[in-house]
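Chain by chain, the residues run as shown.
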Amino acid sequence: MLRAMHYSPLVNHLNEAPVSEESSDEDDKECETCRSTGANESSSNSDLSAENTCRPPGINNEDSCEPILSEESKVLLGEQIKQISMHFPPRLTACTWTLEYSTMKHGTSLRTLYRSMQGLDCSTFIVIKDTDGQVFGAFCSSPLRVSDCFYGTGETFLFSFSPELQVFKWTSENSFFVKGNLDSFAFGGGRGIFGLWLDGDLYHGRSHTCDTFNNDILSKTEDFFVHVMEVWALK
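Conventions we followed
Residue positions are given per chain, counted from 1 along the sequence in the order it is written. Local features in this predicted model are restricted to residues of pLDDT 70 or higher, and side-chain atom pairs are both shown and tallied only at a pLDDT of 80 or more, whereas totals for entire chains, interfaces and linings draw on every residue. By convention in this description, side-chain values take in all heavy atoms of the structure and omit both hydrogens and water. Comment: elements are numbered from the N terminus, with helices defined as DSSP H or I runs of at least four residues and strands as E runs of at least two. Note on definitions: a residue-residue contact is assigned when non-hydrogen atoms from the two residues lie within 4.5 Å. Basic side-chain nitrogens of Lys or Arg form a salt bridge, by our definition, when they fall within 4 Å of a carboxyl oxygen of Asp or Glu. The rule is simple: take the accessible area with a 1.4 Å probe, protein chains only, and divide by the maximum for that residue type; under 20% is buried, over 50% is exposed, in between is partly exposed. Strand pairing follows a simple DSSP-based rule, namely that at least 2 bridges must link the two strands. We call two N or O atoms a polar contact when they sit within 3.5 Å, provided that within protein one can donate a hydrogen and the other can accept it, with sequence-adjacent residues counted only if both atoms are side-chain atoms. A pair of aromatic rings is counted whenever rings of Phe, Tyr or Trp (Trp by its six-membered ring) have centres within 6.5 Å, and the orientation is called stacked for planes under 30 degrees apart, edge-to-face for over 60 and tilted otherwise. Our definition puts a charge over a ring when NZ of Lys or CZ of Arg is within 6 Å of the ring centre and also within 35 degrees of the ring normal.

Time to look at the environment of alanine 138. Here alanine 138 is to be found in strand β4 (residues 135–140). Separated by 49 residues in the primary sequence, alanine 138 and phenylalanine 187 have C-alpha atoms spaced 7.7 Å apart. For alanine 138, the residues in contact, after removing those within four places along its chain, are Thr124, Phe125, Ile126, Phe157, Leu158, Phe159 and Phe187.

In structure tokens, the structure reads:
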């Protein structure tokens, strides 16, 4: 369920320097299982509003407080979605995931990704599957955007399925959560390296252990190439 976006140019940021590896340092959807079994006919309106959403494969209707996806993820399995959502802030454990950007649908362009984020005011979830089959990504407390400095909150975290889920939360060492310009974007930092970095083509990436999250390298090697990337709005 992709919303139509107004593609306004980002001309005010064309002269920004890239974030290089040498850089210095609404309603919440009610959970079906939480409703009374004696719900009356008025619940049919809720059923109709959820008509265009889907539960990911591997998640049953009986599962409590499961996330609802606008469409099937091409990266995460149902059980993986269930596992990672348990690490979201409590207000988002049973939220609706809306796919705002996918390299399979929209091509590989950071500018297109930024345009897809315009008008959003919610947390976002970035998941990558690289050419080695490794799955990893980040949770961000706000939409991705062009920025002059790092932004975000301590809710931000990195994760990797390698193959078991590993989640790397904020260490309080610094506040280098997220930073992006037209040439690249990065999560986590310190001492001139980033926890997760992607170039402007959303094809080449790099992962290092960083002070912000004290994370392991998310991919199998420090340098990786993106096979599929999805960005979900969490509401």
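Our next topic: the pattern of salt bridges. Taken as a whole, this structure holds four salt bridges when the rule is applied. A salt bridge links glutamate 155 to arginine 91; the nearest nitrogen and oxygen atoms lie 2.9 Å apart. Of this pair, glutamate 155 sits in the loop between β4 and β5 (157–161) while arginine 91 sits in the loop between α2 (78–85) and β2 (96–102), placing them 64 residues apart in sequence. Exposure remark for glutamate 155: the relative accessible area of 28% places this residue in the partly exposed category.

With that out of the way, let us pick up the pairing of strand β3 (residues 123–130). Counting buried positions along β3 gives seven out of eight residues, so the element sits mostly inside the fold. Where β3 lies against β4, six bridges are found, and the strand directions are antiparallel. Across the sheet, the residue bridging to phenylalanine 125 is phenylalanine 139, located in β4. Where β3 folds back on β4, the antiparallel hairpin that results is connected by four residues, among which glycine 133 adopts a positive phi of roughly 85 degrees.

Where burial is concerned, most of helix α4 (residues 110–117) is hidden: six out of the eight residues are buried. By the burial criterion, the buried members of α4 are Leu110, Thr112, Leu113, Tyr114, Ser116 and Met117. Buried-residue contacts for α4 involve β2, α3 (103–106), β3, β7 (178–180), β8 (184–190) and β11 (223–234). Capping the start of α4, serine 109 holds a side-chain oxygen 3.4 Å from the backbone nitrogen of arginine 111, two or three residues further along. Directly after α4, the chain includes glycine 119, whose backbone phi takes a positive value near 90 degrees.

The next thing to look at is the packing of aromatic side chains. Counting across every chain of the model gives 14 aromatic pairs. Judged by centre distance (5.2 Å) and plane angle (10 degrees), the rings of phenylalanine 125 and phenylalanine 159 are stacked. Within this pair, whereas phenylalanine 125 is found in strand β3, its partner phenylalanine 159 is found in strand β5, the two being separated by 34 residues in sequence. This pair shows no difference in class: phenylalanine 125 is buried, exactly as phenylalanine 159 is. With centroids separated by 4.9 Å and ring planes inclined at 80 degrees, the aromatic side chains of phenylalanine 136 and phenylalanine 224 adopt a geometry described as edge-to-face. Note that phenylalanine 136 is positioned in strand β4 and phenylalanine 224 in strand β11, a separation of 88 residues in sequence. Considered together, phenylalanine 136 and phenylalanine 224 belong to a single accessibility category, that of buried residues. Following the ring pairs from residue to residue traces out a cluster consisting of Phe88, Trp97, Phe125, Phe139, Phe157, Phe159, Phe161 and Trp232. Over the ring of tyrosine 151 we find arginine 145; its NZ or CZ atom is 4.0 Å from the centre of that ring.

Structural measurements only, silent on function.
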